[in-house]
Amino acid sequence: MEIYGASRHLSQINLRFDQTFTFRPTTVRCNLFPEAKEFPELSTGNQMFILGMGFVGKFFAADLKNKGWVVRGSCTSTGKKKQLEELGYSAYAFDANDPQDEVLELVKNHTHLVISVPPLKGVGDPILYHEGLLERALKGGRLRWLVYLSSTSVYGDSGGAWVDENYPVKPESELARARLAAEEQWLCFGENLGIAAHVFRLGGIYGPGRSAIDTILKQGPMSKGQKERLLKDYTSRVHVADICRALHASILHPSPGKIYNIVDDDPAPREEVFEFARKLVEEKLPGHVYAESGEPVLVSKKPSKSAKRVSNARMKKELGVNLRYPSYRSGLGGIMEKMAPGS
Ligand SMILES: NC(=O)c1ccc[n+]([C@@H]2O[C@H](COP(=O)([O-])OP(=O)(O)OC[C@H]3O[C@@H](n4cnc5c(N)ncnc54)[C@H](OP(=O)(O)O)[C@@H]3O)[C@@H](O)[C@H]2O)c1
């Protein structure tokens, strides 16, 4: 999406974001590059590139747009590119397995970068698979801040204990191990490039269009996999609006090399969340609950495989994030309100 409108926010943001900051041992400054001539708006202010305009990427792009940012992003196919363009986004097809020079050139001329592309089995992080190419392409550009969106899966199973960022990581699946490796690589990449790189370990992401309410309303009877996932005990989650709050906070307070857990205050078993969602739907949209309504939610007799309660203390203390949805109760309540106006 192209955003040129000057807003009250933009002038405030620019005052703060155009500051330079020192990162061992390089001082990062905004530069005007010849390539910027092709994209005049790239020569000033803050521009965000989102590698992977998926669920979080689109939500954050809309949020930034409201605050007057220039935002561009990528997806994997021309079909999705078209869909994103129809929604008003400026999108580029980008396959991390075969990174296109033109897209990297664009990224280079943005000041901020969100990496939302997940790792692949047998490959690891598909973008950093081409690390040398990427570093050459982005060196000397305008980038000064990046965040890699990771997952709390790197902690493995703590048996339900609270885990903070200092808790020993114990990834238990190949993908979780790939996540951990990608975190380290992106932080290293940022340091080599002389920019502030961060890792956000996200809990289960939910929001409008992707929540327990949507599952109940749209998907009919639960699949075996969904039922099995219901069997786990404590898991942490986060509303997409609060991921955006944390992203903004990090942009305002860059802290090179820092890892943050991005979760709400209320880790809870999935069966509890689904039970709450089912009651909300029954109350606010009577008649919409799938035929399974009334069946008791499955309760596990099996031991949990990834039980943990993830602490967000660092996010609150160091980034000053004030959660809009501290619990799945307020988060699902907000989603339901938008679905059932007047409820
Ligand atoms: N879902 C969760 O609960 C959860 C929890 C913790 C962490 N995470 C991670 O947090 C990040 C953001 O989550 P999300 O839900 O917004 O993810 P998402 O909706 O799946 O978006 C991922 C984006 O990455 C792009 N992508 C995937 N493979 C790619 C490749 N090989 N090359 C280039 N682009 C590629 C996708 O392109 P297309 O748009 O073309 O598909 C999509 O835009 C993801 O890495 C996700 O795995 C998710």
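Conventions used here
Residues numbered from 1 in each chain as written. Predicted model: local features only at pLDDT ≥ 70, side-chain atom pairs only at ≥ 80, totals over all residues. Heavy atoms only, no water. Helix = DSSP H or I, 4+ residues; strand = E, 2+ residues; numbered from the N terminus. Buried < 20%, exposed > 50% of the residue type's maximum accessible area, 1.4 Å probe, protein only. Contact = heavy atoms within 4.5 Å. Areas by Shrake-Rupley, 256 points an atom, 1.4 Å probe, with all protein chains shown as cover. Phe/Tyr/Trp six-rings, centres within 6.5 Å; stacked < 30°, edge-to-face > 60°. Near = heavy atom within 4 Å. Polar contact = N/O pair within 3.5 Å; in protein donor to acceptor, adjacent residues only side chain to side chain. Nonpolar A, V, L, I, M, F, W, Y, C, P; charged D, E, K, R; others polar. Core = buried A, V, L, I, M, F, W, Y, C linked by side-chain atoms within 4.5 Å. Pairing = 2+ DSSP bridges. Axes fitted to C-alpha atoms, helices over the stretch in contact; angles between N-to-C directions. Left-handed = near helix turned anticlockwise from the far one by under 90°. Patch = residues over 30% accessible without salt bridge, like charges linked within 9 Å, V, L, I, M, F, W, Y side chains within 5 Å. Salt bridge = Lys/Arg side-chain N within 4 Å of Asp/Glu carboxyl O. Right-handed = clockwise from strand over helix to strand, strands pointing away.

Caption draft 1: A look at the overall build of the protein chain. Across its full length, the protein chain carries 12 helices and 13 strands. The buried share among the 343 residues of the protein chain stands at 52%. In the protein chain, 81% of the contacts between residues at least 6 apart in sequence involve partners at least 24 apart. For the protein chain, the exposed surface amounts to about 16000 Å²; the carbon and sulfur share of it is 53%.

Caption draft 2: Region of the structure containing the packing of aromatic side chains. In this structure the tally under the stated criterion is six aromatic pairs. Judged by centre distance (6.4 Å) and plane angle (35 degrees), the ring pair of Phe49 and Tyr92 falls under tilted. Residue Phe49 is found in strand β3 (residues 47-51), and its partner Tyr92 is found in strand β5 (residues 90-93); the two are separated by 43 residues along the sequence. Its relative accessible area of 21% is what places Tyr92 among the partly exposed residues.

Caption draft 3: Structural context of the site of the ligand. The full set close to the ligand counts 24 residues, and Val56, Thr76, Lys80, Arg179 and Ile205 are the nearest of them. In the environment of the ligand, an oxygen atom lies 2.6 Å from a nitrogen or oxygen atom belonging to the side chain of Arg179. Residue Arg210 places a side-chain N or O atom 2.9 Å away from an oxygen atom belonging to the ligand. Only α2 (55-66), β7 (145-151) and β10 (204-206) provide two or more residues apiece to the shell around the ligand. A class-by-class count of the residues in the shell around the ligand yields 11 nonpolar, nine polar and four charged.

Caption draft 4: Fine view of the side chain of Arg201. For Arg201, the position within the fold is in strand β9 (residues 196-202). Engagement of the side chain of Arg201 in a polar contact is seen with the side chain of Tyr155, the distance being 2.9 Å.

Caption draft 5: Structural context of the nonpolar core. Judged by nonpolar contacts, the single largest core of 33 residues is most densely connected at Met48, Phe60, Phe200 and Ile262. For this core, the elements supplying multiple residues, two or more each, are β3, α2, β4 (70-75), β7, β9, α9 (240-252), β12 (259-262) and α11 (313-319). The dominant element in this core, judged by the number of residues it contributes, is α9, at seven residues. Non-local contacts of Ile262, meaning those with residues more than four positions away in its chain, are made with Phe200, Arg201, Leu202, Gly203, Val238, Ile243, Ala246 and Met315.

Caption draft 6: Representation of the pairing of β9. β9 sits mainly inside the fold: seven of its seven residues count as buried. Burial along β9 is two-sided: Ala196, His198, Phe200 and Leu202 and Ala197, Val199 and Arg201, pointing in opposite directions, are all buried. Pairing of β7 with β9 involves seven bridges; the strand directions are parallel. By the bridge assignment for β9, Leu149 is matched with Phe200.

Caption draft 7: Fine view of the sheet that holds β9. One open sheet accounts for seven strands, arranged β5-β4-β3-β6-β7-β9-β12; its pairing is parallel. Among the strands making up the open sheet, the edge pair consists of β5 and β12. Mean inter-strand twist for the sheet, computed between neighbouring axes without regard to direction, equals 20 degrees.

Caption draft 8: Structural context of the packing of helix α5 (residues 131-138) against helix α6 (residues 174-193). Put simply, α5 and α6 touch, their axes get as near as 11 Å, and they point 35 degrees apart. In terms of crossing hand, the pair formed by α5 and α6 is right-handed. Contacts between α5 and α6 involve Glu131, Leu134, Glu135 and Leu138 on the former and, on the latter, Gln185, Trp186, Phe189, Asn192 and Leu193. A breakdown of the residues in the contact of α5 with α6 according to their chemical character gives five nonpolar, two polar and two charged.

Caption draft 9: Quick peek at a nonpolar patch on the surface. Judged by side-chain polarity, Leu120, Val123 and Tyr129 come together as a nonpolar surface patch covering roughly 290 Å² of accessible area. Among the structural elements, Val123 can be located in the loop between β6 (112-115) and α5.

Caption draft 10: Geometry of the pairing of β4. Of all the six residues making up β4, six are buried; the element is thus mostly covered by neighbouring parts of the structure. The two faces of β4 match: Val70, Arg72 and Ser74 on one face and Val71, Gly73 and Cys75 on the other face are all buried. Direction of pairing for β3 relative to β4: parallel, over a ladder of four bridges. Paired with Gln47 across the two strands is Val70, which belongs to β4. In the classification by handedness, the crossover that spans β3, the intervening α2 and the parallel β4 is right-handed. The pairing of β4 with β5 spans four bridges and is parallel. Bridge pairing in β5 places Ser74 opposite Tyr92.

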